[in-house]
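Here is what each chain is made of, one letter per residue.
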Amino acid sequence: GGGGGGGRGDKPKWSFWHLCAGLLGVLAVALGAYGAHIYQPTDPKFIRVFDTANQYHLFHNLLLALAPYTRRPNSVGILSTAGIFLFSGSCYATALTENMIYGWGAPFGGFCFMGAWASLMF
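Just so you know, these numbers come straight off a predicted model, no measurement behind them. (Residues numbered from 1 in each chain as written. Predicted model: local features only at pLDDT ≥ 70, side-chain atom pairs only at ≥ 80, totals over all residues. Heavy atoms only, no water.)

**Student:** Explain the overall build of the protein residue by residue, including any values.
**Tutor:** The helix and strand tally for the protein stands at 4 helices and 0 strands. N-terminal to C-terminal, the α/β element order of the protein is α-α-α-α. Taking all 122 residues of the protein together, the buried fraction comes to 37%. Of the contacts formed within the protein by residues at least 6 apart in sequence, a portion of 69% connects residues at least 24 apart. (Helix = DSSP H or I, 4+ residues; strand = E, 2+ residues; numbered from the N terminus. Buried < 20%, exposed > 50% of the residue type's maximum accessible area, 1.4 Å probe, protein only. Contact = heavy atoms within 4.5 Å.)

Quick look at the structure:
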């Protein structure tokens, strides 16, 4: 119901995680457009790295948008956001600089993504 009594139907209409999802969603679409229309690395293998970053960014941004509707919104929100920054961020940095040294964050981001999904089970 609507009385704020904490029942199952009292899910938030807006939350901080929606703000994060909105901002990161705009960024994902903008970077996707950049990758599709402007990005031209000297080594074409980095196109795949950039595309992977963008796919994981956009897909996990949807999980972030759903965080307020889960049993553990802060766990899902924090882990999804951290995963986007660590995994996608390091892949974007690797692709844009064409330097593998910036890929160090990807494994940590991957674990964050797994943790975010696992948070849905508890």
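Past the structure itself, the notes keep going.
**Student:** Break down the side chain of T81 for me, with residues and values.
**Tutor:** Secondary-structure assignment places T81 in helix α3 (residues 73–97). The class for T81 is buried, based on a relative accessible area of 14%. Setting aside residues no more than four positions away along its own chain, T81 makes contact with W17, L24 and L64.

**Student:** How would you summarise the packing of aromatic side chains if you had to cite specific residues and measurements?
**Tutor:** Overall, the coordinates contain 10 aromatic pairs when judged by the stated rule. Summarising the aromatic geometry, the rings of Y34 and Y39 are spaced 6.2 Å apart at their centres and angled 35 degrees between planes, so their arrangement reads as tilted. Residue Y39 is classed as buried on the basis of its relative accessible area, which comes to 9%. (Phe/Tyr/Trp six-rings, centres within 6.5 Å; stacked < 30°, edge-to-face > 60°.)

**Student:** Can you tell me about the packing of helix α1 (residues 16–37) against α3, naming the residues and giving the values?
**Tutor:** Viewed as axis vectors pointing N to C, α1 and α3 meet at an angle of 20 degrees, and their least axial separation amounts to 12 Å. Relative to α3, the element α1 is oriented roughly parallel. α3 is crossed by α1, and the crossing has left-handed handedness. Together, W17, L24, L31 and Y34 of α1 and P73, N74, G77, I78, T81, I84, F85, Y92 and L96 of α3 make up the contact between the two elements. (Axes fitted to C-alpha atoms, helices over the stretch in contact; angles between N-to-C directions. Parallel < 35°, antiparallel > 145°, perpendicular 65-115°, else oblique. Left-handed = near helix turned anticlockwise from the far one by under 90°.)

**Student:** Please set out the confidence of the model for the protein residue by residue, giving values where relevant.
**Tutor:** Detailed conclusions should not be drawn from predicted coordinates in areas where pLDDT is low. Per-residue confidence for the protein gives a mean pLDDT of 92; residues scoring 70 or more make up 90%. Contacts from residues 1–6, a stretch scored under 50 in pLDDT, to residues over four places away or in other chains number 5 contacts. (pLDDT = per-residue confidence, 0-100.)

**Student:** Give me the lowdown on the packing of α3 against helix α4 (residues 106–119), citing residues and values where you can.
**Tutor:** Across the interface, α3 lies against α4 with an axial gap of 7 Å and an inter-helix angle of 155 degrees. By the angle class used here, α3 and α4 are roughly antiparallel. For the element pair α3 and α4, the recorded crossing hand is left-handed. Contact residues: α3 offers S75, V76, L79, S80, A82, G83, I84, L86, F87, S90 and C91, while α4 offers A106, F108, G109, G110, C112, F113, G115, A116 and S119.

**Student:** Go over α1, please, and point to the residues and values.
**Tutor:** Across its 22 residues, α1 extends 32 Å between first and last C-alpha, which sits within 8% of the 32 Å expected from 1.5 Å per residue. Inspection of α1 places W17, H18, C20, A21, L24, G25, A28, L31 and G35 among the buried residues, and these make up the whole buried set. Viewed end-on, α1 has its buried residues packed into an arc of 150 degrees, placing them on one side of the element. Along α1, exposed side chains directed more than 90 degrees from the buried face belong to L23, V26, V29 and H37. With a side-chain oxygen lying 3.1 Å from the backbone nitrogen of W17, the N-terminal cap of α1 falls on S15. (Expected span 1.5 Å × (residues − 1). Arc of directions from axis to C-beta. Polar contact = N/O pair within 3.5 Å; in protein donor to acceptor, adjacent residues only side chain to side chain.)

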